[in-house]
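Residue strings, one per chain:
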Amino acid sequence: QVQLAESGGGLVQAGGSLRLSCAASGRTFSGAFMGWFRQAPGQEREFVALLGWTVGTTVYAEFAKGRFTISRDTAKKTVYLQMNSLESEDTAVYYCAARYGGSWYMRSPADFGSWGKGTQVTVCS
């Protein structure tokens, strides 16, 4: 079992930046996929970015390309989401997720078995 804990959310002005962290504990993450999702009020949880823990390869949702960067620190067992040029539409609760096995085509929350509790990101214009 893996435990995930997000941090780094907050209030930021449009055009600003935030870096979210996801501290992971539990079993080794070799072979795991780590994902970031977000959920705005009244909307479904949506895919943001995916990272393969072992090789560090990444995949992004279209809206995240060029603005968001997912990365990891293997020694700290932490996954990051650097978010730049934030827009009001980025306001949401951001969640970290983990899945052992799976594929690079995973985009649905149902594909992931472990979740953090989320961190709120609010972008004001």
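Residues numbered from 1 in each chain as written. Predicted model: local features only at pLDDT ≥ 70, side-chain atom pairs only at ≥ 80, totals over all residues. Heavy atoms only, no water.

Glancing now at the overall build of the protein. Within the protein, the regular secondary structure consists of zero helices and 11 strands. Listed by position from the N terminus, the elements making up the protein come as β-β-β-β-β-β-β-β-β-β-β. Relative to the globule expectation of 14 Å for 125 residues, the C-alpha radius of gyration of the protein, 13 Å, shows essentially globular dimensions. Its C-alpha atoms give the protein principal-axis dimensions of about 40 × 25 × 25 Å. Across the 125 residues of the protein, 42% fall into the buried class. Long-range contacts, defined as pairs at least 24 residues apart, comprise 58% of the intrachain contacts of the protein with a sequence gap of at least 6. (Helix = DSSP H or I, 4+ residues; strand = E, 2+ residues; numbered from the N terminus. Rg over C-alpha atoms; globule rule 2.2 N^0.38 Å. Buried < 20%, exposed > 50% of the residue type's maximum accessible area, 1.4 Å probe, protein only. Contact = heavy atoms within 4.5 Å.)

With that settled, the discussion passes to the pairing of strand β3 (residues 18-26). Two strands pair when backbone bridges link them, and strand β1 (residues 2-7) and β3 are joined in this way by six bridges, in the antiparallel orientation. In the strand pairing of β3, Leu4 is matched with Ala24. With six bridges connecting them, β3 and strand β8 (residues 78-83) associate as antiparallel partners. When the bridges of β8 are listed, Arg19 appears paired with Gln82. (Pairing = 2+ DSSP bridges.)

Before going further, it helps to spend a moment on the sheet that holds β3. Pairing within the open sheet is antiparallel, and its four strands lie in the order β1-β3-β8-β7. Taken across any chain shown, the strands that pair with only one partner, and hence form the sheet edges, are β1 and β7 (68-73). Strand after strand, the sheet turns through a mean of 20 degrees between neighbouring axes, direction not considered. As judged from the six bridges shared by β7 and β8, these two strands associate in the antiparallel manner. Looking across to β8, one finds that Ile70 is bridged to Leu81. (Axes fitted to C-alpha atoms, helices over the stretch in contact; angles between N-to-C directions.)

Per the stated rule, a full pass over the model turns up nine aromatic pairs. Ring geometry for Phe33 versus Trp104: centroids 4.8 Å apart, planes at 85 degrees, classification edge-to-face. One end of the pair, Phe33, is in strand β4 (residues 32-39); the other, Trp104, is in the loop between β9 (92-100) and β10 (114-115), with 71 residues separating them in the sequence. Judged by relative accessible area, Phe33 falls into the buried class, the value being 10%. The class for Trp104 is partly exposed, based on a relative accessible area of 29%. Cluster of aromatic residues (ring-pair linked, three or more members): Phe37, Phe47, Tyr95, Phe112 and Trp115. Sitting over the ring of Tyr95, Arg45 keeps its end group 3.7 Å from the ring centre. (Phe/Tyr/Trp six-rings, centres within 6.5 Å; stacked < 30°, edge-to-face > 60°. Lys NZ or Arg CZ within 6 Å of the ring centre and 35° of its normal.)

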